[in-house]
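Listed here are the chains, written in short residue letters.
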Amino acid sequence: MRRRSHPRSVLTLALFSLGLTATAQAAPPNFRRSAQSFPEGTTGTRVAFGDVDSDGDPDVLISGKLYLNDGTGTFSFARNSGLGPARAAVFADYDRDGDLDVYLSGHGLNADRLMRNDTRPGRRPVFTDVSAKVGVSLNDGLPGEGVGWGDLNGDGYPDLYVANYEWGSLGAGRPDRLYLSNGQGGFYNASGLILASRWGAVYCGRGVSMADYDLDGDTDVFVSNYRLQPNLLWVNSLRNGSGIATLSEQNYASGLGQTLGSHTIGSAWGDVDNDGDLDLVQANLAHPWARHYSERTLVFLQDAAHRFTKVTAGIKYEETHSDPTLFDVDNDGDLDLYLTSVYGGRQGFLYRNRTVEDGRFHFRDCTELARAKTYDGWGAAAADVDLDGDLDLVVCAGGRPVLLINTRSQETQFKSVRLRLRGTLSDTWGAGATVILTGDGVPRQVRQLSLGHGTSSQSEPILHFGVGRAQGPFQLEVRWPSGRVGRHRAVVGLNEVDEGIGSPRPPAPFAGPVETFREPR
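Residues numbered from 1 in each chain as written. Predicted model: local features only at pLDDT ≥ 70, side-chain atom pairs only at ≥ 80, totals over all residues. Heavy atoms only, no water.

Asker: Mind showing me how you'd approach the pattern of salt bridges here?
Answerer: Once their charged atoms are close, side chains differing in charge can pair, the charge on each being opposite to the other. For the structure shown, the criterion picks out 19 salt bridges. Note that Glu318 and Arg346 form a salt bridge whose closest N and O atoms lie 3.6 Å from each other. With a gap of 28 residues between them, Glu318 in the loop between β21 (308-311) and β22 (321-327) and Arg346 in the loop between β23 (336-341) and β24 (349-353) connect regions that are remote in the sequence. Residue classification places Arg346 among the partly exposed positions, given a relative accessible area of 29%. Ionic pairing is found between Arg418 and Glu460, a salt bridge with its closest N-O pair at 2.7 Å. Taken together, the residues Arg418 in strand β29 (residues 415-422) and Glu460 in the loop between β31 (445-448) and β32 (463-468) connect sequence positions 42 residues apart. Residue class for Arg418 comes out buried when judged on its relative accessible area of 4%. (Salt bridge = Lys/Arg side-chain N within 4 Å of Asp/Glu carboxyl O. Helix = DSSP H or I, 4+ residues; strand = E, 2+ residues; numbered from the N terminus. Buried < 20%, exposed > 50% of the residue type's maximum accessible area, 1.4 Å probe, protein only.)

Following this line, the structure appears as C-alpha cells:
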C-alpha cells in the first residue's frame, strides 16, 4: 500500500518566552467535530491509536474493535481482522517484527488474548490469536481494567502489566499480573514478585502508566487504584549496576502518595513544566461530600532528587474526572491536558499549558473557546489523524467515539517536528526512549515514548514536538533504553531515527519469585 506523504511548509521564525523574547504566541486551540468520522453505531469506551497496516496514518482501536484511517481522519470498520470487543486493548510489537500487535483484556467476561499482527503489505489487516503459543496463560479470568506495555527487563521486547479491578463486591480488589518477556517472543509469569512486594495486599486497579520517570535508563510502572486505595509506583533498578531487574514499591517514599485517599482512575506522565524531567497527572474522582478524605485531580511535579510535590496547577475541581491525556494541542512547545469526566451530564475539559506563554507553569481552561466539550467521557487519546502536523483527539463520550479535529495550526502556521523511532537493541517502536529537542526559537523539550496511559488509553506511538513558527533545523538527542545515545538533525514534519545496528540482548535476571500463583479465595 502506498505510504502517504506528510506535508511540510515554509515557516517564519518565532521566539518563545522561555528565556527568549516572544514575538509570536500560539492562538487558542480550536476543534471541529467530524460527524462522519466513524460508521454509524460505533460504540466503545477506550481508545488506542496505532498504524496497523503501515500506510503512514494512525488507525484506532475502540474497545478492541479496529477502525482503519483513510488518511483524512475518516475511519472504516476493519471486517474479519480477527480483533473484536474487549474491555481494554493496547498496541505493542511483542515479537519484534516491526508491526503492532494487540493485547485484549476481556475484563473477566471474555478471554484475555494476545493478537499477532500478520498483515501483509497492501492487504487488509489480519490478526492471529497466539495466546496459547507464548509459554504462559495470559487469561486469568479477572477484570483487567488497566493495561500497559514497556520493557522492564531490558531485553528489547515489551513486557505486559495488567491491573485488575474489583470482583464480587465493592472494594474487593484482585491481584495484578506481570508478564515478562523471555527474549524469544514468549512470556513468563512474574506476578508473584509484585504480590510479595505488597505483603499480599490487592487493590482495585484501573490504570497503568509506564515511564522511565527517574531517567536512569529502565522502565518504571505507576498503577492507578480506586476505592480510596493507595496507588503504586514500581521503581525498577535494572540499571543500578547489578544487571538484575527489581521492582520496589515507592509511591509514598517518592512523594506521590497522597495525604488523603483517592479514587484514581487514570494517570499520565509528561514534562508539564518544561524543566527536563517527567511529572505526573492523576485524574481522581472526588465526591463533594467526601472531599475531606478524598483527593481531587492533582499534578505532581518532580524535582532534581526525583521527589514529587502536588499542585492543582489551575485545574478546577470536578467530581468525576477519569482519564488524562497530555499532548501539545497548539504546537507551542508545552504539554496541554484533556481530562474526561464520567457519568451523564459531566463535562470533559481542555486545559491549555501556559508555561511557554507566561514563563511559569500553570493550566488555563479553554474548553469552551476550543469547542472541546464532551460529556460522560472515559478513554481519550491523541494522534495526527489527518496528517496536517497537529494533534487531534478521540474521546469516548457517552459510549461512542467523538473525533475532535484540530484546526488551529492551519490558521496560525504553528508547526511540529514528529519522530518515529526504530529500535534495534531497544523496543522496535522506541518505548522508554527519552528524546530532547533543541533549536533556535523553541523551548527545550523532553518527550518520552510510552505504550499506554490513563485507564488503558494509548496515543499514537509517534513523538510530537511543537515548534511554533521556527524554521529549524532542530537538534535531537535520543537516549535509548539500551544505553545508546544518538544525536540527529530534524526538520518540520515527520522524521525517522534508527537506533543502529545490533541485536536484542537476553533478558536480565529478575529478582524475586516469578512462579504463577493462585488467586486468593
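Asker: Quick question: what am I supposed to make of the sheet that holds strand β10 (residues 144-150) here?
Answerer: Sheet strands associate in pairs through backbone hydrogen bonding, adopting either a parallel or an antiparallel arrangement. A sheet is described by the order of its strands in space; here 4 strands give the open sequence β10-β11-β12-β13, paired in antiparallel fashion. Two strands bound the open sheet, and with one partner strand each, they are β10 and β13 (187-189). Each strand axis lies, on average, 20° off the axis of its neighbour in the sheet, ignoring direction. Sheet topology note: the strand β11 (residues 159-164)/strand β12 (residues 177-181) ladder contains 3 bridges and is antiparallel. (Pairing = 2+ DSSP bridges. Axes fitted to C-alpha atoms, helices over the stretch in contact; angles between N-to-C directions.)

Asker: Whenever I open this one, the pairing of strand β28 (residues 400-406) confuses me. Can you help?
Answerer: The two faces of a sheet get side chains in turn, since along a regular strand they alternate between them. The element β28 is largely enclosed, with a buried count of 6 among its 7 residues. Strand direction decides the pairing type here: strand β27 (residues 392-397) and β28, joined by 5 bridges, are antiparallel. Bridge pairing in β28 links Val394 to Leu403. Between the end of β27 and the start of β28, which pair antiparallel, lie 2 residues, with Gly398 showing a positive phi angle near 65°.

Asker: Before we go on, may I ask you to explain the side chain of Asp328 in this structure?
Answerer: With respect to the secondary-structure elements, Asp328 resides in the loop between β22 and β23. Side-chain polar atoms of Asp328 contact the backbone nitrogen of Asp332, separated by 3.3 Å. Within the structure, the side chain of Asp328 is placed 3.4 Å from the backbone nitrogen of Gly466, a separation counted as a polar contact. If we ignore the near neighbours within four places in the chain, the residues touching Asp328 are Gly333, Asp334, Leu335, Asp336, Leu391, His464 and Gly466. (Polar contact = N/O pair within 3.5 Å; in protein donor to acceptor, adjacent residues only side chain to side chain. Contact = heavy atoms within 4.5 Å.)

Asker: Is there a simple way to think about the side chain of Asp388 in this case?
Answerer: Here Asp388 shows up in the loop between β26 (377-383) and β27. Within the local environment of Asp388, its side chain forms a polar contact with the backbone nitrogen of Asp390, the two atoms lying 3.3 Å apart.

Asker: Looking at this structure, how should I read the nonpolar core?
Answerer: Soluble globular proteins tend to bury their nonpolar side chains together. Core analysis: the biggest nonpolar cluster contains 37 residues, and Leu114, Trp149 and Leu421 have the highest contact counts within it. Of all elements in the fold, only β6 (88-92), β10, β11, β29, β30 (434-438), β32 and β33 (474-479) reach the threshold of two or more residues within this core. Ignoring anything within four residues of it in the chain, the contact list for Trp149 reads Val90, Phe91, Ala92, Tyr94, Tyr103, Leu114, Pro158, Asp159, Leu160, Phe187, Met210 and Leu451. Core analysis: the second largest hydrophobic core is formed by 20 residues, Leu152, Val208, Val223 and Trp234 among them. (Core = buried A, V, L, I, M, F, W, Y, C linked by side-chain atoms within 4.5 Å.)

Asker: Explanation requested: the pairing of strand β19 (residues 279-285) in the structure shown.
Answerer: For β19, a buried count of 7 out of 7 residues is recorded, marking the element as mostly surrounded by other parts of the structure. Residues Asp279, Val281, Ala283 and Leu285 line one face of β19 and the alternating positions Leu280, Gln282 and Asn284 line the opposite face, and both faces are buried. The pairing of strand β18 (residues 263-270) with β19 spans 7 bridges and is antiparallel. Its bridge partner being in β19, Gly266 is matched across the sheet by Ala283. Of the strand pairs in this sheet, β19 and strand β20 (residues 298-302) are connected by 3 bridges, and their pairing is antiparallel.

Asker: Is there a simple way to think about empty space enclosed by the protein in this case?
Answerer: Take a probe with the size of a water molecule and roll it over the atoms, and the empty space left behind shows itself. For the structure on display, the rule yields 4 cavities of 30 Å³ or more. Considered as a void within the structure, the largest cavity measures approximately 520 Å³ in volume. Lining the largest cavity are 28 residues, with Leu326, Gln448, Ser450, Ser459 and Leu463 sitting closest to its centre. Looking at side-chain class alone, the lining of the largest cavity contains 15 nonpolar, 9 polar and 4 charged residues. Considered as a void within the structure, the second largest cavity measures approximately 40 Å³ in volume. As for the second largest cavity, its lining consists of Trp149, Gly150, Asp151, Met210, Ala211, Thr219, Ala431, Gly432, Gln448, Leu449, Ser450 and Leu451. Taken together, the elements giving at least two residues each to the lining of the second largest cavity come down to β10 and β14 (205-211). Among the residues making up the lining of the second largest cavity, the classes are represented as 6 nonpolar, 5 polar and 1 charged. (1 Å grid on protein atoms, 1.4 Å probe; cavity = no way out; pocket = protein on both sides within 12 Å on 5 of 7 lines; lining within 4 Å. Points joined across faces, edges and corners; volume = space filled by probe spheres on them. Nonpolar A, V, L, I, M, F, W, Y, C, P; charged D, E, K, R; others polar.)

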